[in-house]
Amino acid sequence: MNASQIARKAIKQAPLYLALAAVLIFLLFPFYWGFITSLKTEAEIYDFTGNFLIPKAPTFNNYFLLFTTKNYFVWFWNTLFVSLVTTVISVIISVMAGFAIARLKFRGAALAGTLVFITYIAPKGFLFVPLAQILKEWGLLGSLSALYITYPTFLIPFCTWLLSGYFANVPHEPEECAMVDGASRIGAIVRITLPMAISGIITAGIFSFTASWNELVYSIALTSGEQNRMLTTGVMGAFAQGDFMVIGPLMAAATVSSVPIAILYFFFTDRFVSGLTAGATKG
Amino acid sequence: MQTPTLSAKISRLLHKDSTLGPILLSPGFLFLAVMMAYPFFYAIYLSFTDKEVGGAANFTGFENYEKLFSTTLFAKTVVNSLVYTSIALVLKFSCGMALALLLNRPFIGQRFAKALMLLPWILPTAFSTMIWQWIFSPAFSVVNEVLVNKLHLISQPLPFLRDETWAMGSLIFINLWRGLPFFAITFLAAIQSVSNEIIEASRIDGASPWQSFWLIVFPAILPVVTIVMLISTIGTLGDFDLPFLLTRGGPNNATTMFALTTYNLSLGSGLIGLGSAVTMTMFPFLLVLIIASLINVRRQQQG
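From a predicted model like this one, the values you see are computed outputs, not experimental measurements.

Each value, and the rule that gives it
- Residues numbered from 1 in each chain as written.
- Chains lettered and ligands numbered in written order.
- Predicted model: local features only at pLDDT ≥ 70, side-chain atom pairs only at ≥ 80, totals over all residues.
- Heavy atoms only, no water.
- Helix = DSSP H or I, 4+ residues; strand = E, 2+ residues; numbered from the N terminus.
- Buried < 20%, exposed > 50% of the residue type's maximum accessible area, 1.4 Å probe, protein only.
- Contact = heavy atoms within 4.5 Å.
- Areas by Shrake-Rupley, 256 points an atom, 1.4 Å probe, with all protein chains shown as cover.
- Lys, Arg positive; Asp, Glu negative; His and termini not counted.
- Charge placed at Lys NZ, Arg CZ, Asp CG, Glu CD.
- Buried area = accessible area lost by both parts, 1.4 Å probe.
- Salt bridge = Lys/Arg side-chain N within 4 Å of Asp/Glu carboxyl O.
- Polar contact = N/O pair within 3.5 Å; in protein donor to acceptor, adjacent residues only side chain to side chain.
- Nonpolar A, V, L, I, M, F, W, Y, C, P; charged D, E, K, R; others polar.
- Phe/Tyr/Trp six-rings, centres within 6.5 Å; stacked < 30°, edge-to-face > 60°.
- Domains from an automatic or database assignment.
- Axes fitted to C-alpha atoms, helices over the stretch in contact; angles between N-to-C directions.
- Parallel < 35°, antiparallel > 145°, perpendicular 65-115°, else oblique.
- Left-handed = near helix turned anticlockwise from the far one by under 90°.

## Some thoughts on the overall build of chain B
Reasoning step 1: Helices and strands together make up the secondary structure of chain B, namely 14 helices and zero strands.
Reasoning step 2: Shown N-terminal to C-terminal, the secondary structure of chain B runs as helices and strands in the order α-α-α-α-α-α-α-α-α-α-α-α-α-α.
Reasoning step 3: Taken over the C-alpha atoms alone, chain B extends approximately 85 × 60 × 35 Å along its principal axes.
Reasoning step 4: Out of the 303 residues belonging to chain B, those deemed buried represent 52%.
Reasoning step 5: Here the analysis covers contacts within chain B between residues at least 6 apart in sequence; of these, 69% occur between residues at least 24 apart.
Reasoning step 6: Within the structure as shown, chain B displays about 13,900 Å² of accessible surface, and the carbon and sulfur contribution to it stands at 67%.
Reasoning step 7: Seen as two clouds, the 17 positive and the 13 negative side-chain charges of chain B have centres 9 Å apart.

## Some points on the interface of chain B and chain A
Reasoning step 1: Contact residues are listed per partner, giving 103 residues for chain B and 99 residues for chain A.
Reasoning step 2: Both faces combined, the contact of chain B with chain A buries some 9,000 Å², and carbon together with sulfur accounts for 81% of it.
Reasoning step 3: The interface formed by chain B and chain A contains one salt bridge.
Reasoning step 4: The closest approach of N and O atoms between Asp17(B) and Arg185(A), which form a salt bridge, is 2.8 Å.
Reasoning step 5: At the boundary of chain B with chain A, the tally comes to 10 residue pairs in polar contact (both at pLDDT 80 or more).
Reasoning step 6: Per element, the largest residue contribution to the side of chain B that touches chain A is 22 residues, and it comes from helix H2 (residues 17-47) of chain B.
Reasoning step 7: The residue inventory of the side of chain B that touches chain A, partitioned by class, reads 69 nonpolar, 21 polar and 13 charged.

## Focus: the packing of aromatic side chains
The description of an aromatic ring pair uses the distance of the two centres, along with the angle that the planes make with each other.
All names here are of chain B.
Reasoning step 1: Taken as a whole, this structure holds 55 aromatic pairs over all chains when the rule is applied.
Reasoning step 2: For the pair Tyr38 and Tyr42, a centre-to-centre distance of 5.7 Å together with 50° between the ring planes defines the contact as tilted. Note that Tyr38 and Tyr42 are positioned in helix H2 at a spacing of four residues, about one turn of the helix.
Reasoning step 3: Judged by its relative accessible area of 36%, Tyr38 falls in the partly exposed class.

## Observations concerning the pattern of salt bridges
Reasoning step 1: Counted by the stated rule, this structure contains five salt bridges over all chains.
Reasoning step 2: One salt bridge connects Glu226(A) with Arg229(A), and the closest N-O pair in it is separated by 2.7 Å.
Reasoning step 3: Note on Glu226(A): relative accessible area 38%, which makes it partly exposed.
Reasoning step 4: By sharing partners, the salt bridges in this structure join Arg103(A), Glu175(A), Arg185(A) and Asp17(B) into a single network.

## Thoughts on the domain arrangement of chain B
All names here are of chain B.
Reasoning step 1: When the domains of chain B are assigned, the result is domain 1 (1-47) and domain 2 (63-302).
Reasoning step 2: Taking only C-alpha atoms, the centre of domain 1 and the centre of domain 2 are 37 Å apart.
Reasoning step 3: With five residues of domain 1 at the contact, the number on the domain 2 side is eight residues.
Reasoning step 4: For the pair domain 1 and domain 2, the summed buried surface comes to about 510 Å²; carbon and sulfur atoms form 72% of the total.
Reasoning step 5: Three residues, Phe40, Leu46 and Ser47, lead the burial of domain 1 against domain 2; their summed loss comes to 81% of the area buried on that side.

## Details of the packing of helix H4 (residues 72-103) of chain B against helix H9 (residues 164-192) of chain B
Residue and element names in this part refer to chain B.
Reasoning step 1: For the pair H4 and H9, the least separation of the axes is 6 Å and the interaxial angle reads 40°. Of the possible angle classes, the one that applies to H4 and H9 is oblique. Crossing of H4 over H9 shows right-handed handedness.
Reasoning step 2: For the contact of H4 with H9, the per-class residue count stands at 24 nonpolar, four polar and one charged.

## Notes on unusual backbone geometry
Residues and elements named next belong to chain B.
Reasoning step 1: Phi is positive for Asn252, which is not a glycine, with a value near 55°.
Reasoning step 2: Along the polypeptide, Asn252 turns up in the loop between helix H12 (241-246) and helix H13 (258-268).
Reasoning step 3: For Asn252, a relative accessible area of 53% corresponds to the exposed category.

## Points about the domain arrangement of chain A
All names here are of chain A.
Reasoning step 1: Here the domain parsing of chain A yields domain 1 (3-59) and domain 2 (70-279).
Reasoning step 2: Across the contact, six residues belong to domain 1 and six residues belong to domain 2.
Reasoning step 3: Carbon and sulfur atoms make up 71% of the area that domain 1 and domain 2 hide from each other, which totals about 460 Å².
Reasoning step 4: The tally of links between domain 1 and domain 2 comes to zero salt bridges.
Reasoning step 5: Among the elements that take part in the side of domain 1 that touches domain 2, helix H1 (residues 3-38) stands out by supplying four residues, more than any other.
Reasoning step 6: Tallied by class, residues from the side of domain 1 that touches domain 2 come to three nonpolar, three polar and no charged.

Here you go:
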């Protein structure tokens, strides 16, 4: 290609790139604006004179305020632990159930698949009232246990649905060969079939962790007390009471809380995209 | 010799499909039965009682439903939910399809652009909505600042979250912002799975790009489009996060929806029976959508 050909191609593609740039600005501007605001001083946040899209004297003061908020790290660990534990438990239970639904012939397998799909698409806003009542009777309402026990209600259906799709596409022959060679059924499944479905298992894990980390309804409705808050509810309680918002630390919190998910996601972008159709939980 | 027979029995149970299947399924099944099926039936029961926080539940028949149907709050809840869901879905579908077609053309940095685009869908809604609250803030909205003082396009700031219609519009806008990446990327994946040869053949036969999209590509991706739309409709209809975070249902209940009204009545005012009745009124809508989804998934699995 000579210079004029490249130039002609660039001109032809210009509208495409302009349209893409417009879409990217629309989708990403809020994150930029939140991040930029988090670096501004209290006075500058409300000052729109001059170029307000770049902080004039960047400061980490809002981050300092956030990290020195009483209980901030309690909320952080709560969120991390609840997300990790519920993810591990849900993925294990879902591997078993997804495997059974996709690969084993037994009475009720098809019905089980249908029921799992129904629980997967049922909205979360549907069950928090009766769950709160039931957890109260069990003496779990208010504590973090309420989240450990309820988060799997949306993680297991989703992971089982996702994983049964992966398991259905793993060939049967290697497992059968291993059993001919003397391995037990369970041994063959664990050593042969599960490793072949590892990509699906990782995807289920990432989606689960993200869903737990981002969860809101149950942490609002089912926990109480400063010690039992998650990052979202804790930060909201500290900096966003009603209409009154302390913008600086809130924007710092928005930035900080997005980082772990963004990192996880940039490592596994392809898996995210491939598992996306199954991951339509947000509406 | 007790032990070998026992272990032989166990290994036989773990070997046959007919026994291994139920064994593997049981932990998940039991959990969902206790934590989803039981609460669901419990909610039906509660909706027929006068249960309040701290009080006992007395059976009151259809009293909660009669009470609900006579309130403007409930009428607004239903209308708001349907307006929010239908407009947001139409926008997510049309903008998502347009963006998918845009992304379908080869360009430099496609992978990177796709990764960046997904961020609104992947990052925590609670925090991204706080940013939107700041963007739409009554006195210090950056959008108003640009429109009024920098570009001089309008003379008065827009009442994003203060006016009833604008508040609903803002919610729908943010729902579009959050859902658009998901729609675009799944539509794109479906479009790219359609065989290029068929499309090229139709072009050779004289079809315009517009025709070949609607006559060849769209019918081929319709199953994926339908299931994405149905699942998103259910999620949007039951959405709690956005209205709760952005408007708390206001102003004047103009943006309250099923999940938020349930929350406000049961956990805000302590009227658990009445709140459960709100949840149950969502059920007919859900049932239709769930059945449609099931039929669709069945068809996809068989085809």
